[in-house]
Amino acid sequence: MKICRDCGEEKPPEAYYTRPNGYTKPNCRACVSKHKKEYDNSPKGKEVISRYNSSQAHKDAKGRYRATDNGKATEKAYNQSAYGKAANIAKSKKQREQSPDKTAARHAVKNAVRNGSLVRPIICSVCSEAADRIEGHHWSYAEEHHLDVVWCCTPCHKTLHNN
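My aim in this report is to walk through the structure given alongside it, one point at a time. For every chain, the first residue of the written sequence is number 1, and numbering continues from 1 along that sequence. Where totals are concerned, whole chains, interfaces and linings use all residues; where local detail is concerned, this predicted model gives features only for residues with pLDDT of at least 70, and gives and counts side-chain atom pairs only at 80 or more. The basis for every side-chain value is the complete set of non-hydrogen atoms in the structure, without hydrogens or water.

Digging into helix H6 (residues 100-115)
Stage number 1. Relative to the 22 Å expected for 16 residues at 1.5 Å per residue, H6 spans 22 Å between its end C-alpha atoms, a close match to the ideal helical length.
Stage number 2. Note on exposure labels: buried denotes an accessible area under 20% of the residue type's maximum, exposed denotes more than 50%, and partly exposed covers the range between, all computed with a 1.4 Å probe on protein chains only. Numbering of helices and strands runs from the N terminus; a helix is a DSSP stretch of H or I covering at least four residues, while a strand is a stretch of E covering at least two. Taken together, the buried positions of H6 are occupied by Thr103, Ala105, Val109 and Ala112.
Stage number 3. Whether two residues touch is decided by their heavy atoms; if any such pair falls within 4.5 Å, the residues are in contact. In this structure, the buried side of H6 is in contact with helix H5 (82-98), strand S5 (134-138) and strand S6 (149-153).
Stage number 4. A positive backbone phi angle near 90 degrees is found at Gly116, which sits one or two residues after H6. Working rule for helices: expected span equals 1.5 Å times residues minus one.

Here it is in structure tokens:
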């Protein structure tokens, strides 16, 4: 049993965080959690969190987490929740309103594939590999180029957008 430096209560070792060197922290988990919440809600804490969330390090860490099985499961659960569905609907609506030319081009390709006047291949035209998902990349969203698409896999499509 160990006495917490903050609350003064005697608690078992499991009630404390263990440091990498094997020693336990002097404050129990409940007190550490309480202090973290207080800090996170303080002006300084909010500013530090905001600065980190907009950093490249945060974006990289989020990307690595989303690539894990746990990250994929978490994202899937969120997208299937009522809150996630509402957020995705709002995001889609906002994108359609901000870019009506992109929306028109996507609909033109979707309709052309559905009625058979445009055929979606199973091989990426950029890397020449078969893929489960082949996407149409528009070089231009002008009306006369709505059906001028480059069929590519998702990684190649991302590369085309980043260039």
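Thoughts on unusual backbone geometry
Stage number 1. Even without being a glycine, Ser128 presents a positive backbone phi close to 60 degrees.
Stage number 2. Note on placement: Ser128 falls in the loop between H6 and S5.

Structural notes on the pattern of salt bridges
It is possible for side chains bearing opposite charge to pair when their charged atoms get close.
Stage number 1. Salt bridges are identified by distance alone: a Lys or Arg side-chain nitrogen within 4 Å of an Asp or Glu carboxyl oxygen. By the definition in use, this model includes three salt bridges.
Stage number 2. Arg133 is paired through a salt bridge with Glu135; the nearest N and O atoms lie 2.8 Å apart.
Stage number 3. By relative accessible area, Glu135 is classed as buried at 14%.

Points about the packing of aromatic side chains
Stage number 1. Whether two aromatic rings pair depends on their centres lying within 6.5 Å, for rings of Phe, Tyr and Trp, where Trp uses its six-membered ring; planes under 30 degrees apart make the pair stacked, over 60 edge-to-face, and the rest tilted. Under the counting rule described, the total for this entry stands at one aromatic pair.
Stage number 2. When the ring of Tyr78 is compared with that of Tyr83, the centres are 6.1 Å apart and the planes differ by 65 degrees; the resulting orientation is edge-to-face.
Stage number 3. Its end group placed over the ring of Tyr16, Lys2 keeps NZ or CZ at 5.0 Å from the ring centre. Any Lys NZ or Arg CZ found within 6 Å of a ring centre and within 35 degrees of that ring's normal is scored as a charge over the ring.

Some details on the packing of helix H3 (residues 56-67) against helix H4 (residues 69-80)
Stage number 1. Every axis corresponds to a line fitted to the C-alpha atoms, with the helix fit spanning only the stretch in contact, and the corresponding angles, defined between N-to-C directions, vary from 0 to 180 degrees. The N-to-C vectors of H3 and H4 enclose an angle of 90 degrees; their axes lie 4 Å apart at closest approach. Here H4 runs roughly perpendicular to H3, going by the angle between their axes. Every residue of H4 that contacts H3 at Tyr65, Arg66 and Ala67 is listed here: Asp69, Asn70, Gly71, Lys72, Thr74 and Glu75.
Stage number 2. Residues are grouped as follows: Ala, Val, Leu, Ile, Met, Phe, Trp, Tyr, Cys and Pro are nonpolar; Asp, Glu, Lys and Arg are charged; every other residue, Gly included, is polar. Taken together, the residues of the contact of H3 with H4 break down into two nonpolar, three polar and four charged. Roughly parallel here means an angle under 35 degrees, roughly antiparallel means over 145, roughly perpendicular means 65 to 115, and every remaining angle is called oblique.

Honestly, that's just the spatial picture; any functional story needs more than this.
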